[in-house]
Amino acid sequence: MRVIIEPDYATMSKWAANYVANRIIEANPTVEKPFVLGCPTGSSPLGLYRELIQMNKEGKISFQNVITFNMDEYVNLPEEHPESYHSFMWNNFFSHIDIKPENVHILNGNARDLKKECEDYEKAILAAGGIDLFMGGIGPDGHLAFNEPGSSLSSRTRIKTLTTDTIHANSRFFEGNLALVPKQALTVGIGTVMDAKEVLLVCNGHNKARALKHCIDGDISHKWTSSMLQMHPHAIVVCDEAACDELSVGTYKYYLDKERGNL
C-alpha cells in the first residue's frame, strides 16, 4: 500500500486528481478500449472532482472515452431526489465534464428486482473489461462504499441494510430527520473493489483519523472493511495531516520518508 500525506484538503485533492488524470492520459482511451473509472460519493471526493472538472475545462483531460461505475445508491429514493447519488454525481461531476451519458453507470435503487440489478451490475463491469481505477473514500468507521463493519471481505454488489451509525451520520442530509434517511442501499462489495486494477482512496479530517489508523496500520478485519486494501497490489491512500492524528509516529514518518525517497 502506498500512503500519500499532504498538508491539507486542497493539496490532497489536487494530488489525487493529478494521479487519476495521469492514469487516464497514459491509457490513451479509445471507443474500442475505454478507461473504466470507479466513482464514490460523499464529501471527501468533492475536491478531487472539482480538480478533474477544472482540468477538463482547460483541455488537459477528456472523459469522452471514459466509462464510470459508481459505488452505491440508496434503495427506494427517487433518482431526482436531491440526496440521491444520481443527483450527487450529476450535480458535482458528470454535468461539468465531457462524459457521454451512456457511459455512466449508477446502481438503480428503484429497480423492481434489486437482486438482479446487483447481479447485472457485476456483469456490466466485467463486460466493460473491469475497473481500471476505483476511487473511493473511507467512512469514520472504516467502511468502504456501504460495506460497513461486519461485511464480508469477499462480498460482491448486493443489497445492504445500513447501520444505525450510518443512518445517524447521513441524517444531516435529510433535515436531521432519521425517518427520512433510507434504511437500505445497493453497494459494490469489497471483492468488487479488490478486483480493480488500482484503488485510490481519499481520507481527510480528524474525524477520519481512527479509520485511517485501522485502514493502513491495523490488522485486516471485517470490522474495518477498508483495511482489506492492505492486500491489494496497487492501492493508494491519499490523506491530509489531520487524518493522520492517530497514526504512530513511526508509521507517519515511514510513509513520509518513503515518498521522499529516503527508503
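Presented here is a report on the structure given in the accompanying data block. (Residues numbered from 1 in each chain as written. Predicted model: local features only at pLDDT ≥ 70, side-chain atom pairs only at ≥ 80, totals over all residues. Heavy atoms only, no water.)

As a further point, take unusual backbone geometry. Even without being a glycine, Asn-28 presents a positive backbone phi close to 45°. Along the chain, the position of Asn-28 falls in the loop between helix H1 (9-27) and strand E2 (35-39). Classification of Asn-28 by relative accessible area gives exposed; the value is 57%. (Helix = DSSP H or I, 4+ residues; strand = E, 2+ residues; numbered from the N terminus. Buried < 20%, exposed > 50% of the residue type's maximum accessible area, 1.4 Å probe, protein only.)

So, on to the sheet that holds E2. The strand order across the open sheet built from seven strands is E1-E10-E9-E6-E2-E3-E5, with neighbouring strands paired in parallel fashion. Looking along the sheet, the strands with just one partner apiece sit at the ends: strand E1 (2-6) and strand E5 (104-105). For strand E3 (residues 66-70) and E5, the ladder comprises two bridges, and the chain directions are parallel. Opposite Thr-68, over in E5, you have Val-104 as the bridge partner. Across the face of the sheet, helix H7 (residues 209-217) comes into contact with E1, strand E9 (198-203) and strand E10 (235-240) while running at roughly 150° to E10. (Pairing = 2+ DSSP bridges. Contact = heavy atoms within 4.5 Å. Axes fitted to C-alpha atoms, helices over the stretch in contact; angles between N-to-C directions.)

Locating Leu-126 in the fold gives a position in helix H4 (residues 114-127). Along the backbone, Leu-126 and Asn-110 are 16 residues apart, and their C-alpha atoms lie at a distance of 23 Å.

Treat this as a map of the structure, not an account of what it does.
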